[in-house]
Amino acid sequence: MEEVQQQQPIGSTGQDGETEITSNGSSITHVEPPQNGQDADEEIVTEGSSFVHNGPQDDNGPPKVDTKVEVIHEKVTKQVIKEGHGEKPSKYSTCFLHYKAWTESTQHKFEDTWQELQLTEIVLGKEKKEMAGLAIGLSSMKAGERALLRVGWELGYGEEGSFSFPNVPPKADIIYEVELVGFDETKEGKARSEMTVEERISAADRRGMDGNNLFKEDKLEEAMQQYEMAIAYMGDDFMFQLFGKYQDMALAVKNPCHLNIAACLIKLKRYEEAIAQCSIILAEDQNNVKALFRRGKARSELGQTDAAREDFMKARKLAPEDKAISKELRVLAEHDKVVYQKQKELYKGLFGPRPEPKKPKTGTSWFVVVWQWLISLFYGLFRRERIKTE
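For every chain, the first residue of the written sequence is number 1, and numbering continues from 1 onward in sequence order. Local features are withheld for residues below a pLDDT of 70 in this predicted model, meaning they are given only at 70 or higher, and side-chain atom pairs are given and counted only at 80 or more; totals for whole chains, interfaces and linings count all residues. Hydrogens and water are ignored here; the side-chain numbers use all heavy atoms of the structure.

Peer 1: How do you make sense of the overall build of the protein chain when you look at a structure like this?
Peer 2: The secondary structure content of the protein chain amounts to 11 helices and 10 strands. Considering the protein chain as a whole, with its 390 residues, one finds that 46% of them fall into the buried category. For this analysis, residues touch if any pair of their heavy atoms sits within 4.5 Å. A separation threshold of at least 6 residues defines the contact pool for the protein chain, and within that pool the share at least 24 residues apart is 69%. Within the structure as shown, the protein chain displays about 21,700 Å² of accessible surface, and the carbon and sulfur contribution to it stands at 52%. Helix and strand definitions follow DSSP, with helices as H or I runs of at least four residues and strands as E runs of at least two, each counted in order from the N terminus. Per-residue accessibility, obtained with a 1.4 Å probe over protein chains only, is compared with the maximum for each type, and a residue is labelled buried under 20%, exposed over 50%, and partly exposed between these values. All accessible areas in this document rest on Shrake-Rupley with a 1.4 Å probe, and a residue is counted as covered only by the protein chains that are shown.

Structure follows, in structure tokens:
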């Protein structure tokens, strides 16, 4: 991957399919598509989405965890599912997380941010009353850590239960499966909603650049966490309010994060998720060559050659001189030839050998010759007798 450069056009496409990417107009990551054998997985841009770290697929209840139970508080215990890294958040840190929540007595799941495809933000020390137990658990976690928390009703929805979630009864103990994607040590405890437009874009830009540095070090999971948090600053509710230069600045940070997450996912061979990331960009900008290229690459790896060819063809219309796109189309063409030859070998004997054409007869049968001679003889005798009679 190329070094970070300064002050380049936002989202432009350079020679041979190069894509210029920026972060809030202050710096860019310069990325070249694969050439001379370079793998497309090495590409990196700056855009992201909050559904990269998929939650568990089993919705039958809280996951079964056999790790040691840690007592965080009199009413809060924790079991680690996946270890994190780095430091733990301090008071007034802004935490970005995904979680699922069940009532312990009924095992009923009443909230799932993974399903909602939206990171949740909690400022430690300023959380809602019903989130007090969850916040205590978060304060003991590291970035990237996933854990199972059990929270007593006193630090949850209390004696009356929840009005927003009718399935949470009074005095309901809560089980959380939580992943702390990351946090900001803002100290003053300023949430996103309290930030100015410039502050939010700047915070997202820093996260994106941190993600780029981690990508260079091949720390893909950690890089995706940074990109996810960058995108969390650029949520739909925020983007809908922007126009003009502020909208351009926000998109210059948000969109490359999506594509960088796709690059990480391709390297991790999580192609379906990479396709979803690229599709987000295409929904916003149908002229994004990089998104089409990466989606085509992921589809090609999944064996979806027709869909991949369609993406590459669209990308070539937008960037006809792009050598990387032409290379991928040639690879697909060679793949089609190989598949055709294999099918030809497979099916050539399916209906047995081809029948040989009948050879024309070269000579006349002796039987026919004798028969013709007898007929001519009888005809001659008959004719002679007729002449005599006349």
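Peer 1: Even after reading the chapter, I still don't get the environment of Ala 191, so can you show me in this structure?
Peer 2: Relative to the elements of secondary structure, Ala 191 occurs in the loop between strand E10 (174-184) and helix H3 (197-216). A relative accessible area of 12% means that Ala 191 is categorised as buried. Spatially, the C-alpha atom of Ala 191 lies 10.0 Å from that of Tyr 233, the residues being 42 residues apart in sequence. Not counting residues within four places of it along the chain, the set of residues in contact with Ala 191 comprises Glu 121 and Val 123.

Peer 1: Quick question: what am I supposed to make of the pattern of salt bridges here?
Peer 2: Pairs can form between side chains of opposite charge whenever their charged atoms are close. By definition, a salt bridge exists where a carboxyl oxygen of Asp or Glu is found within 4 Å of a side-chain nitrogen of Lys or Arg. Taken as a whole, this structure holds 20 salt bridges when the rule is applied. A salt bridge links Glu 301 to Lys 297; the shortest N-O distance between them is 4.0 Å. With Glu 301 and Lys 297 both in helix H8 (residues 289-301), this residue pair falls four residues apart, about one helical turn. Classification of Lys 297 as buried rests on a relative accessible area of 12%. Here Asp 306 makes a salt bridge to Arg 309, at a shortest N to O gap of 3.4 Å. Separated by three residues within a single helix, Asp 306 and Arg 309 lie in helix H9 (residues 305-318), roughly one turn from each other. Take Asp 306: its relative accessible area is 59%, and that puts it in the exposed class. Salt bridges here are not isolated pairs; linked through shared partners, they connect Lys 82, Arg 146 and Glu 179.

Peer 1: Whenever I open this one, the pairing of strand E4 (residues 70-73) confuses me. Can you help?
Peer 2: Successive side chains on a regular strand alternate, one facing one side of the sheet and the next facing the other. The pairing of E4 with strand E5 (residues 76-82) spans three bridges and is classified as antiparallel. The residue bridging His 73 from the neighbouring strand is Val 76, located in E5. Hairpin connection between E4 and E5: a loop of two residues separates the two successive antiparallel strands. Note: two strands are recorded as paired if DSSP finds a minimum of 2 bridges between them.

Peer 1: Quick question: what am I supposed to make of the nonpolar core here?
Peer 2: When a protein is soluble and globular, its nonpolar side chains tend to lie buried together. Only buried residues count toward a nonpolar core. Its members are Ala, Val, Leu, Ile, Met, Phe, Trp, Tyr and Cys residues joined through side-chain atoms within 4.5 Å. By size, the foremost hydrophobic cluster in this structure holds 51 residues, and its most contacted members are Phe 215, Tyr 227, Tyr 233, Met 234, Cys 264, Phe 312 and Ile 325. Elements with a contribution of two residues or more to this core: H3, helix H4 (220-233), helix H5 (236-239), helix H6 (244-267), helix H7 (271-284), H8, H9 and helix H10 (323-347). With 10 residues, the single largest contributor to this core is H6. The next biggest cluster of nonpolar side chains, apart from the first, holds 27 residues, and it includes Ala 147, Tyr 157, Ile 174 and Val 178.

Peer 1: How should unusual backbone geometry be read in this particular structure?
Peer 2: In terms of backbone geometry, most residues other than glycine have negative phi values and most peptide bonds are trans. Although it is not a glycine, Tyr 92 adopts a positive phi angle of roughly 75°. The phi dihedral of Asp 218 is positive, around 65°, even though this residue is not glycine. By the element assignment, Asp 218 lies in the loop between H3 and H4.

Peer 1: Sorry if this is basic, but what is going on with the packing of H8 against H10 here?
Peer 2: Across the interface, H8 lies against H10 with an axial gap of 11 Å and an inter-helix angle of 25°. The angle between the axes of H8 and H10 places the two elements in the roughly parallel class. Relative to H10, H8 is oriented so that their crossing is left-handed. Where H8 abuts H10, its residues Val 289, Phe 293, Lys 297 and Ser 300 lie against Ala 324, Ile 325, Glu 328 and Leu 332. Class assignment of the residues belonging to the contact of H8 with H10 gives a composition of five nonpolar, one polar and two charged. Axis angles are defined between N-to-C directions and span 0 to 180 degrees, where every axis is a line fitted to C-alpha atoms and, for a helix, only to the segment in contact. Each angle gets one of four labels, with under 35 degrees taken as roughly parallel, over 145 as roughly antiparallel, 65 to 115 as roughly perpendicular, and the rest as oblique. Crossings are classed by handedness, with left-handed meaning an anticlockwise turn of the near helix from the far one by less than a right angle and right-handed meaning a clockwise turn. Residues are grouped as follows: nonpolar covers Ala, Val, Leu, Ile, Met, Phe, Trp, Tyr, Cys and Pro; charged covers Asp, Glu, Lys and Arg; every other residue, Gly included, is treated as polar.

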